[in-house]
Amino acid sequence: MIEIKQVNKVFYQGKRAINALSDINLSIAEGAIYGVIGSSGAGKSTLIRCVNLLERPTNGQVVVDGTDLNTLSNHDLTLARRKIGMIFQHFNLLSSRTVFDNVGLPLELAGTDKKAIKAKVDSLLELVGLGDKKDTYPANLSGGQKQRVAIARALASDPKVLLCDEATSALDPATTQSILDLLRKINQEFNLTILLITHEMAVVKSICSDVAIIGDGKLVEQGAVGDIFAHPKTALAREFIRSTLDLSIPADYQARLSHAKTATTHPLVRLEFTGASVDAPIISQVAREFHLDISILSSNMDYVGGIKFGLMLAEFFGTPSATEQAIAFLKENKIDVEVLGYVA
Ligand SMILES: Nc1ncnc2c1ncn2[C@@H]1O[C@H](COP(=O)(O)OP(=O)(O)OP(=O)(O)O)[C@@H](O)[C@H]1O
């Protein structure tokens, strides 16, 4: 549905060239929910804005539903853009218009008659759960409700593609989840292709079928979300996956941790399970085979695409040689092990 072919975008600040996008190639299938993740300044906004030519690529092609947008006249581009809806981090609603009039705006601009606008807007407001808010002004809505209005407005022209530019970044976690649920619902109900950009791997994990990771304007890695979580190939991918799992050591516990390994101290161990780790009940196996007692301090395990992965902090109680053998066994089973220190 969306083909991004060899796209480059160079900005100039005075004589200085900024390569915001370098040789990006992406193919997004009809009906996919495709996530593009990257850190601040990676080029995400530039990329998504190239898909509806809000930003013209310096070179390369953007083909949406079979049409190369760069070849269109201004008039035809306006028509093509009606089939590409967009929502934004800060909603971009018109404050002087009611909810109803915000959602109806694209239809008014397209010259649709009033009766048809009313029928369409009423059904969209029901769809997004705001049937009772049509006469309300944006200032009197919560962030989540504003994004629902923006989604209804984006759907007014029956788009084939919805672009989401950090659509949940201004929302709290529960509201984020409800907006992601709504996006999944409209994806399924209308077979709408969704391209979203985010800096949060949790968003990708929650709804995306596929993901591309960009860093410094370049495409670093792409694939099915389950495959990327299971077998990340690059450090950047691993970093984003880890960001969904971070475990920190409580401050009072940290104060008890020392580097001194003595006969009376035992190690605090950080275990990282990835797609490469052997899938077995390894903790109980280690405890049994090496006569260790294992006390889990904290753990954040997850399951994506048929793979268990995550982090665990655990204290190992046993003889020094048993502990060493256990750690070697875990490593053989492709679990990353790091001794963080010793506790008395
Ligand atoms: N209009 C512009 N003029 C000059 N440089 C720009 C312009 N827009 C973006 N850039 C630069 O291009 C690079 C990519 O910016 P972009 O906004 O696409 O990144 P991003 O991944 O969306 O980051 P963020 O999440 O912080 O918005 C940055 O170095 C940015 O400074």
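Refer to the structure presented above.
Residues numbered from 1 in each chain as written. Predicted model: local features only at pLDDT ≥ 70, side-chain atom pairs only at ≥ 80, totals over all residues. Heavy atoms only, no water.

**Q** Go over the site of the ligand, please, and point to the residues and values.
**A** Taken together, Phe 11, Ile 18, Ala 20, Ser 39, Ser 40, Gly 41, Ala 42, Gly 43, Lys 44, Ser 45 and Thr 46 make up all the residues around the ligand. Ser 45 has a polar backbone atom sitting 2.8 Å from an oxygen atom of the ligand. When isolated, the ligand has an accessible area of 630 Å², and the protein chains bury 61% of it. Of all elements in the fold, only β2 (16–28) and α1 (44–51) reach the threshold of two or more residues within the shell around the ligand. In terms of residue count, α1 provides more of the shell around the ligand than any other element does, three residues in total. (Near = heavy atom within 4 Å. Polar contact = N/O pair within 3.5 Å; in protein donor to acceptor, adjacent residues only side chain to side chain. Areas by Shrake-Rupley, 256 points an atom, 1.4 Å probe, with all protein chains shown as cover. Helix = DSSP H or I, 4+ residues; strand = E, 2+ residues; numbered from the N terminus.)

**Q** Tell me about helix α11 (residues 282–289), and name the residues and values.
**A** Those residues of α11 lying buried are Ile 282, Gln 285 and Val 286. One side of α11 holds all its buried residues, which, seen down the axis, span an arc of 100°. Taken together, the buried residues of α11 touch β11 (266–273), β12 (293–304) and α12 (320–332). With its phi angle positive at about 50°, His 291 sits one or two positions after the end of α11. (Buried < 20%, exposed > 50% of the residue type's maximum accessible area, 1.4 Å probe, protein only. Arc of directions from axis to C-beta. Contact = heavy atoms within 4.5 Å.)

**Q** How would you summarise the sheet that holds β12 if you had to cite specific residues and measurements?
**A** With respect to topology, four strands assemble into an open sheet ordered β12-β13-β11-β14, the strand pairing being antiparallel. This sheet does not close on itself; its edge strands, each paired only once, are β12 and β14 (336–343). With direction set aside, neighbouring strand axes in the sheet form an average angle of 10°. Strands β11, β13 (307–317) and β14 of the sheet are contacted by α12, whose axis makes an angle of about 155° with β14. (Pairing = 2+ DSSP bridges. Axes fitted to C-alpha atoms, helices over the stretch in contact; angles between N-to-C directions.)

**Q** Help me get a handle on the sheet that holds strand β5 (residues 67–68), residues and values and all.
**A** Pairing within the open sheet is antiparallel, and its four strands lie in the order β2-β1-β4-β5. The open sheet has two edge strands with one neighbour each: β2 and β5. Here nine bridges tie strand β1 (residues 2–13) to β2, and the two strands are oriented antiparallel to one another. When the bridges of β2 are listed, Lys 9 appears paired with Leu 21. Against the sheet, α1 makes contact with β1, β2 and β4 (59–64), and its axis sits at roughly 60° relative to β2, the strand it touches most.

**Q** So what's going on with the nonpolar core? Residues and values would help.
**A** The biggest cluster of nonpolar side chains holds 60 residues, and the ones touching the most others in it are Ile 87, Ile 151, Leu 162, Leu 183 and Ile 186. Per-element tally for this core: the top contributor is helix α5 (residues 143–155), with six residues. Contacts of Leu 183, omitting those with residues within four sequence positions, involve Ile 87, Ile 151, Leu 162, Cys 164, Ile 194 and Ile 207. Counting 31 residues, the second largest nonpolar core, distinct from the first, contains Val 36, Ile 48, Leu 72 and Val 161. (Core = buried A, V, L, I, M, F, W, Y, C linked by side-chain atoms within 4.5 Å.)

**Q** Help me get a handle on the packing of aromatic side chains, residues and values and all.
**A** All chains considered together, the criterion is met by two aromatic pairs. On the numbers, 5.2 Å between centres and 45° between planes, the contact of Phe 229 with Phe 309 is tilted. Taken together, the residues Phe 229 in helix α8 (residues 225–230) and Phe 309 in strand β13 connect sequence positions 80 residues apart. The exposure class of Phe 229 is buried, given its relative accessible area of 2%. Aromatic side chains Phe 290 and Phe 329 sit 5.6 Å apart centroid to centroid with 55° between the ring planes, which places their arrangement in the tilted category. Taken together, the residues span a long stretch of sequence, with Phe 290 in the loop between α11 and β12 and Phe 329 in helix α12 at a distance of 39 residues. (Phe/Tyr/Trp six-rings, centres within 6.5 Å; stacked < 30°, edge-to-face > 60°.)

**Q** Give a detailed account of the pattern of salt bridges, specifying residues and quantitative values.
**A** Tallied over the full model, the rule gives 11 salt bridges. Residue Arg 49 pairs with Glu 55 through a salt bridge whose shortest N-O separation is 3.5 Å. The exposure class assigned to Glu 55 is buried, which follows from its relative accessible area of 17%. Linking Lys 118 and Asp 122 is a salt bridge whose minimum nitrogen-to-oxygen distance equals 2.5 Å. Placement of both Lys 118 and Asp 122 in helix α4 (residues 114–127) is noted, with a separation of four residues, approximately one turn of the helix. Since its relative accessible area comes to 22%, Asp 122 is described here as partly exposed. (Salt bridge = Lys/Arg side-chain N within 4 Å of Asp/Glu carboxyl O.)

**Q** Residues and numbers for helix α6 (residues 173–190), please.
**A** Look at α6: 26 Å from first C-alpha to last across 18 residues, which is about the 26 Å you get at 1.5 Å a residue. For α6, the complete set of buried residues consists of Thr 176, Ile 179, Leu 180, Leu 182, Leu 183, Ile 186 and Asn 187. Down the axis, α6 shows its buried residues gathered within 155° of arc, on one side only. Seen from the buried face of α6, the exposed residues on the opposite side, beyond 90 degrees, are Ala 174 and Gln 188. The N-cap of α6, judged by a side-chain oxygen 3.1 Å from the amide nitrogen of Ala 174 a few residues on, is Asp 172. (Expected span 1.5 Å × (residues − 1).)

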